[in-house]
2 protein chains.
Amino acid sequence: MQQLKAIGYTEYEAKSYVSLVKSGTVTAYQVSKNSGIPRARIYDILKSLIEKGLVLKEEKIDGTVYSPLPVDVFLEKAQSNWQKNYQNLSNKLKQLETTEESPDNQILILKEKTTIISYCRMLIRKAEKRIIISLWDDMYEEMREELEEVAEGVQIQGITLHVDHPIKTVDLHRITHFTEAPTSKRWFVLSIDAKEMIYGSYVNDCELAFYTNDQVHIYLLEDYVWHDVLVNRLVKRNKDNLEQWISEERKKFFMEDGFVEK
Amino acid sequence: MQQLKAIGYTEYEAKSYVSLVKSGTVTAYQVSKNSGIPRARIYDILKSLIEKGLVLKEEKIDGTVYSPLPVDVFLEKAQSNWQKNYQNLSNKLKQLETTEESPDNQILILKEKTTIISYCRMLIRKAEKRIIISLWDDMYEEMREELEEVAEGVQIQGITLHVDHPIKTVDLHRITHFTEAPTSKRWFVLSIDAKEMIYGSYVNDCELAFYTNDQVHIYLLEDYVWHDVLVNRLVKRNKDNLEQWISEERKKFFMEDGFVEK
DNA sequence: TTTTAGTTACCATTTTGGTAGTCACTATTT
DNA sequence: AAATAGTGACTACCAAAATGGTAACTAAAA
């Protein structure tokens, strides 16, 4: 039971509790049998679980039996523990944090899927004017909520792949042999107000991304997304007098004029 | 930083991250100095934090510097991790739980403060008719929310000590030399529909309590609370023809007649 | 020459998972 | 009736892994 280990219990403790939840009130011997924990260890493990309040002991005339803390009680306990701990942590860390101005031209390496996603979500919430994205479906779903939340006050431009109902203002990538190849490398780009940006390889792969506030990087990658959008629109359009049309489209995309803040 | 250890980081990891949050972007050497972690260990620790996405590495021409993941991003990450894990756990455990009828005449031993409190909260939420309590202030505060929530549909009787604004239907214990003595032993009682009950020594002490569904225990302890209430009311009243008055009061307290369910 | 920066190679302790073997009592098979 | 298998309870270890902690060495910069 991986989830129980994640909240601080050992493998044996997790197995014991789960076994007890399955079986109800039984003897220690039975717990050992059901859970596969060596008989010799079951008593000290149950003891530690009793100390932690996860298991209830009942001494009867004909021996001792153990019951699991009811699941709903356990969940309530776990939740309120977490809440307290989180509140504490939050307060302390926020007090400590020195709000130094982050220097320009930074490129930070982000690792670990949940870190990358959390960072993206924070940035989206911070956006004030324009967000440019290039996202595949699973990544989009991870930040759908945040995007839809800010969509009213912020222009969201860009392209999505395989996403079912993205924000109306973004383009949908046409299906090509390239986008369908399972081996093709997937990248994503998320640019916030042309000031900050996260881009990287795709979450399911090696879980690596970069944060930057460097203007050159931002320009290049925004343009990269723009070209992707452009080609896509061209294919759809397929007409003449492309040149002027492209420049108009580009202006509209980047909102280089006529954009009025709400 | 105890809170960080509680969510799975080691002491060194916690110290490193906290130090980085305090100092902002610095070299590994500085982290070691600020946090008190031996220089010889700081590199592998930062490495592990980078893998976990808590620390960002930046390699510059004149050396490598490390930044903490911004506190708000970290908190969002921690929260969403917890949420996922909790959801999983909740589903799995609820599926496993066999809803065997708990036998009568149980007396279970509850240990650990948060376990006791969580159990009390669950019982209060389950109450349908009548709750009888005998609670000191700190314990009352732990379950104030739950009590006030069910107060409309459920009769709440009993006595509280030192509680500021308890439910109107409960009595306030008079201040005596006994209630004020810091050494006096504190007990609490919580009886739900005269079917289930938790009673025990007080949370700040040895953190031991008992759950029972045994009718005898419940009768005895409910009566014990009743006597406490009664004596209290007597002192306030201090009149004659007490006998009849007591029996009337008792009836009202236990709602032995005339109680209509809502 | 002290401070900063980076690295290798250990070691001790604690936690955790896992084994062996003992004792007593009960139920069942031979 | 004796032998056997299963249940229930407990002591004493042991090995591996994780974690905290030390010594010492290099090399540049201040």
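Residues numbered from 1 in each chain as written. Chains lettered and ligands numbered in written order. Predicted model: local features only at pLDDT ≥ 70, side-chain atom pairs only at ≥ 80, totals over all residues. Heavy atoms only, no water.

**Brief notes about the relation of the copies chain A and chain B**
Superposition record for chain A on chain B: RMSD 0.1 Å, screw rotation 180 degrees, translation along axis 0.0 Å. Expressed as an axis order, the relation between the two copies is that of a two-fold axis. Interface overlap between copies is the fraction of interface residues in one copy that are interface residues in the other; for chain A against chain B it reaches 100%, indicating a shared surface. (Least-squares fit on C-alpha atoms with pLDDT ≥ 70 in both. Contact = heavy atoms within 4.5 Å.)

**Quick word on the protein's contact with DNA strand D**
The immediate surroundings of DNA strand D are formed by 14 residues, with Gln30 of chain A together with Glu11, Tyr12, Ala40 and Arg41 of chain B found nearest. The sugar-phosphate share of atoms of DNA strand D within 4 Å of the protein amounts to 53%. One nitrogen or oxygen atom from the side chain of Gln30 of chain A is found 3.1 Å from a phosphate oxygen belonging to DNA strand D. The side chain of Arg41 of chain B places a nitrogen or oxygen atom 2.8 Å from a base nitrogen of DNA strand D. Counting residues per element, the ones that place at least two in the surface near DNA strand D are α3 (28-35) and α4 (39-51) of chain A together with α2 (11-23) and α4 (39-51) of chain B. Among the elements that line the surface near DNA strand D, the one with the most residues is α3 of chain A, at four residues. Class assignment for the residues of the surface near DNA strand D results in seven nonpolar, four polar and three charged. (Near = heavy atom within 4 Å. Polar contact = N/O pair within 3.5 Å; in protein donor to acceptor, adjacent residues only side chain to side chain. Helix = DSSP H or I, 4+ residues; strand = E, 2+ residues; numbered from the N terminus. Nonpolar A, V, L, I, M, F, W, Y, C, P; charged D, E, K, R; others polar.)

**Some remarks on the interface of chain A and chain B**
With 60 residues of chain A at the interface, the matching set in chain B holds 60 residues. Summing both sides of the interface, chain A and chain B together bury roughly 5800 Å²; the carbon and sulfur share of this comes to 62%. Three residues stand out in chain A for area buried against chain B, namely Gln3, Trp82 and Leu93 of chain A, and they jointly supply 11% of the buried area on that side. The interface formed by chain A and chain B contains 28 residue pairs in polar contact (both at pLDDT 80 or more). Contributing elements (two or more residues each) for the side of chain A that touches chain B: α1 (2-6), α2 (11-23), α4, β2 (55-60), α5 (71-96), β4 (107-111) and α6 (113-126) of chain A. Considered class by class, the residues forming the side of chain A that touches chain B number 27 nonpolar, 17 polar and 16 charged. (Buried area = accessible area lost by both parts, 1.4 Å probe.)

**Observations concerning the sheet that holds strand β9 (residues 196-201) of chain B**
Residue and element names in this part refer to chain B. Reading across the sheet, the seven strands line up as β4-β10-β9-β8-β5-β6-β7 and stay open at both edges, with mixed pairing between neighbours. Each having just a single partner strand, β4 (107-111) and β7 (171-172) make up the two edges of the open sheet. The sheet contact formed by strand β5 (residues 130-136) and strand β8 (residues 187-192) spans four bridges and is antiparallel. Within the sheet, the bridge partner assigned to Ile132 lies in β8 and is Ser191. (Pairing = 2+ DSSP bridges.)

**A few points about the pattern of salt bridges**
In total, this model carries 42 salt bridges over all chains according to the counting rule given. With its nearest N and O atoms 3.2 Å apart, the salt bridge here joins Lys111 of chain B to Glu51 of chain A. Of the two residues, Lys111 of chain B is situated in strand β4 and Glu51 of chain A in helix α4; the pairing between them involves two chains. For Glu51 of chain A, a relative accessible area of 43% puts it in the partly exposed group. (Salt bridge = Lys/Arg side-chain N within 4 Å of Asp/Glu carboxyl O. Buried < 20%, exposed > 50% of the residue type's maximum accessible area, 1.4 Å probe, protein only.)

**Points about the protein's contact with DNA strand C**
In the vicinity of DNA strand C, 14 residues are found, and the nearest of them are Glu11, Tyr12, Ala40 and Arg41 of chain A together with Tyr29 of chain B. Of all atoms in DNA strand C that approach within 4 Å of the protein, 52% are sugar or phosphate atoms. Contact distances for DNA strand C include 2.8 Å between a phosphate oxygen and a backbone N or O atom of Glu11 of chain A. A distance of 3.4 Å separates a phosphate oxygen of DNA strand C from a polar atom in the side chain of Gln30 of chain B. Mapped onto the surface near DNA strand C, the elements with two or more residues apiece are α2 and α4 of chain A together with α3 (28-35) and α4 of chain B. Split into classes, the residues belonging to the surface near DNA strand C amount to six nonpolar, four polar and four charged.

**A word on the domain arrangement of chain A**
By domain assignment, chain A separates into domain 1 (2-71) and domain 2 (107-254). Relative to domain 2 of chain A, the C-alpha centre of domain 1 of chain A lies at a distance of 50 Å. (Domains from an automatic or database assignment.)

**What about the packing of aromatic side chains?**
Enumeration according to the criterion identifies 15 aromatic pairs over all chains in this entry. Taking 4.8 Å as the distance between ring centres and 5 degrees as the angle between the ring planes, the aromatic pair formed by Trp82 of chain A and Trp82 of chain B counts as stacked. Here the residue Trp82 of chain A occupies a position in helix α5, and Trp82 of chain B occupies one in helix α5 (residues 71-96), the pair thus bridging two chains. As far as burial versus exposure is concerned, Trp82 of chain A and Trp82 of chain B are alike and both buried. Ring centres of Tyr119 of chain B and Tyr211 of chain B lie 5.4 Å apart, and the angle between their planes is 25 degrees; this geometry places the pair in the stacked category. Residue Tyr119 of chain B is found in helix α6 (residues 113-126), and its partner Tyr211 of chain B is found in strand β10 (residues 208-212); the two are separated by 92 residues along the sequence. One exposure class covers both Tyr119 of chain B and Tyr211 of chain B, and it is buried. (Phe/Tyr/Trp six-rings, centres within 6.5 Å; stacked < 30°, edge-to-face > 60°.)

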